[in-house]
Number of protein chains: 2
Amino acid sequence: MKSSRSATARTYDFPRPAVTVDVALFRPTAPGTHVRLELLLIRRDLPPFRGDWALPGGFVRENEDLPEAAGRELEEEAGLKQVVLYQVGAVGTPGRDPRGHTVTVLFVGLSRNPGVLSAGGDATSADWFVVDELPKLAFDHAVLVTAARASLRERVEDIRFLQDLLPAEFTLAELQGLTEAVLGTELDVRNFRRKVREAVVATGGVRREGAHRPAQLFRFARGKSRR
Amino acid sequence: MKSSRSATARTYDFPRPAVTVDVALFRPTAPGTHVRLELLLIRRDLPPFRGDWALPGGFVRENEDLPEAAGRELEEEAGLKQVVLYQVGAVGTPGRDPRGHTVTVLFVGLSRNPGVLSAGGDATSADWFVVDELPKLAFDHAVLVTAARASLRERVEDIRFLQDLLPAEFTLAELQGLTEAVLGTELDVRNFRRKVREAVVATGGVRREGAHRPAQLFRFARGKSRR
DNA sequence: TCAAAAGTGTTGAAGATACACCCATGG
DNA sequence: CCATGGGTGTATCTTCAACACTTTTGA
């Protein structure tokens with residue numbers, strides 16, 4: 001990209017949009033019970049949309065790569081590090097920010113170990129919200145969240161997408177619960193297990209908890225994805 | 001979105017990347033023979049990469065939407081209008097433009113009726129290149145082209161993606177040739193026809209050309225896509 | 001009558017869906 | 001012994017891949 005018409009491209013004499021990143025970071029609620037997805041939101045303490053909740057995000061800095069900016073914002077605004085993100089796309093509709101034209105690049109992630117949420121920087125507070133009960137969102141963030149969820153649903157078709165999210169060892173019930181949370185639908189136990197059979201291998205260990213049969217532990221097999 | 005930390009966001013006191021759009025516009029070679037894809041490129045007449053070929057593109061203007069900017073650049077640099085484009089994503093790797101940090105949003109399109117290429121504006125010339133024999137490209141445009149082709153291949157899985165590209169009436173051989181050009185592989189005639197059967201309807205007309213059986217004409221049926 | 005492209009069906013394999021019962025454990 | 005979640009197999013349907021010959025026409 002960047003097929004500018006001027007050789008002195010750094011000295012623009014016209015106004016231009018700013019670039020931001022926004023991050024839709026999801027996490028599953030605790031396994032065991034019915035797993036649901038939660039979304040990380042930041043409460044805005046400055047206008048516009050003061051007091052509303054918004055996706056973490058902010059301006060991309062000069063010579064900063066987009067994923068880097070997304071990770072930085074996540075750390076600055078919620079104290080989260082080492083989160084795996086991927087890009088969904090860019091949105092630049094004029095008017096989406098009342099202060100001026102911004103083009104945002106949307107990143108999505110699924111987080112394990114959410115760690116401690118520290119409302120750092122200028123963000124009043126950060127919190128997790130169940131995705132089906134979100135508060136009113138600032139800017140066009142509701143649209144972004146919809147796009148983010150749709151993208152997640154597509155990705156999880158390849159079960160290995162969840163590899164970074166689960167601990168090294170997990171039970172198939174955990175894997176299924178997480179998949180169901182992302183898809184928003186329930187899956188048949190037997191069909192699910194057949195489908196993931198080639199992607200995981202039993203470690204031999206078991207997990208005992210509660211008055212019932214212990215669950216075998218699995219890990220992801222090496223090798224490429226399927227489907 | 002735009003979760004800035006300043007309420008006076010328009011007065012940034014730090015340097016920031018510029019936003020560009022780039023367009024990978026493909027077209028099929030003439031049907032009848034073996035259909036191949038060609039890509040529209042613009043010859044750069046200014047440094048950097050002076051003399052190299054590049055994707056059409058340029059800076060996004062203040063309060064201009066991204067698809068609008070992509071269409072405008074296509075018109076300015078190649079004289080093409082009314083091309084249907086869709087977005088693939090954003091790339092903002094520092095160093096991708098030696099003049100300074102730019103974030104580009106990549107758009108892709110498939111063009112029918114390419115019209116007359118007018119090397120307008122500052123572009124020395126515009127031309128079509130068979131995708132398997134591209135010249136050296138400026139910036140990181142080779143990467144963008146690869147991403148664009150991969151995206152096209154995914155989209156064409158839904159045959160209706162080609163709806164905007166074909167004339168109102170077309171033969172199944174034309175439809176198949178175009179699909180094959182996008183995929184870069186050959187398809188079985190019978191399987192292809194079975195697959196598209198529900199998406200198209202015969203208009204009753206035929207096209208006669210050459211010393212062989214005339215081809216029936218089809219149009220796309222109304223209704224949503226499948227698969 | 002010939003060359004050239006249009007058109008057409010069947011079979012097998014793989015993948016998806018639907019569905020119900022036994023197992024191992026802790027309390 | 002019972003409540004709880006873990007674990008398993010079969011039948012059906014749909015989808016995809018492979019594969020070869022007949023039809024219609026203009027020259």
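Being a predicted model, the structure only gives us computed values, none of them experimental.

## With respect to the relation of the copies chain B and chain A
Superposing chain B onto chain A requires a rotation of 180 degrees together with a translation of 0.1 Å along the rotation axis, leaving an RMSD of 0.1 Å. Taken together, the rotation and translation relating the two chain copies correspond to the operation of a two-fold axis. For chain B, the residue whose C-alpha comes nearest the rotation axis is B:G89, separated from it by 2.2 Å. Both copies share a contact surface, since 100% of the interface residues of chain B are interface residues in chain A too.

## Structural notes on the packing of aromatic side chains
Applying the stated criterion across every chain, the model contains 8 aromatic pairs over all chains. Ring centres 4.7 Å apart and planes at 70 degrees place the aromatic pair B:W53 and B:F129 in the edge-to-face group. Here B:F129 lies in strand β7 (residues 125-130) and B:W53 lies in strand β3 (residues 53-54), a separation of 76 residues in the sequence. One exposure class covers both B:W53 and B:F129, and it is buried. When the centroid spacing of 5.1 Å and the interplanar angle of 45 degrees are considered together, the rings of B:F170 and B:F220 count as tilted. Of this pair, B:F170 sits in the loop between α2 (141-155) and α3 (172-183) while B:F220 sits in strand β9 (residues 215-220), and the two are 50 residues apart along the sequence. One cation-aromatic arrangement involves A:R155 over A:Y86; the distance from NZ or CZ to the ring centre is 3.7 Å.

## Considering the domain arrangement of chain A
All names here are of chain A. Under the domain assignment, chain A is made up of domain 1 (18-155) and domain 2 (159-220). The C-alpha-based centres of domain 1 and domain 2 are spaced at 27 Å. With 14 residues of domain 1 at the interface, the matching set in domain 2 holds 13 residues. Summing both partners gives a buried area of about 1200 Å² for domain 1 against domain 2, and 73% of it is carried by carbon and sulfur. Contact with domain 2 buries surface across domain 1, with L110, R112 and R153 losing the most and accounting together for 41% of the total. Counting every contact that joins domain 1 to domain 2 gives 0 salt bridges. Here domain 1 and domain 2 share 1 residue pair in polar contact (both at pLDDT 80 or more) between them. A per-element tally of the side of domain 1 that touches domain 2 places helix α2 (residues 141-155) first, with 3 residues. Of the residues belonging to the side of domain 1 that touches domain 2, the class tally is 8 nonpolar, 2 polar and 4 charged.

The rules behind the values
Residues numbered from 1 in each chain as written. Chains lettered and ligands numbered in written order. Predicted model: local features only at pLDDT ≥ 70, side-chain atom pairs only at ≥ 80, totals over all residues. Heavy atoms only, no water. Least-squares fit on C-alpha atoms with pLDDT ≥ 70 in both. Contact = heavy atoms within 4.5 Å. Phe/Tyr/Trp six-rings, centres within 6.5 Å; stacked < 30°, edge-to-face > 60°. Helix = DSSP H or I, 4+ residues; strand = E, 2+ residues; numbered from the N terminus. Buried < 20%, exposed > 50% of the residue type's maximum accessible area, 1.4 Å probe, protein only. Lys NZ or Arg CZ within 6 Å of the ring centre and 35° of its normal. Domains from an automatic or database assignment. Buried area = accessible area lost by both parts, 1.4 Å probe. Salt bridge = Lys/Arg side-chain N within 4 Å of Asp/Glu carboxyl O. Polar contact = N/O pair within 3.5 Å; in protein donor to acceptor, adjacent residues only side chain to side chain. Nonpolar A, V, L, I, M, F, W, Y, C, P; charged D, E, K, R; others polar.

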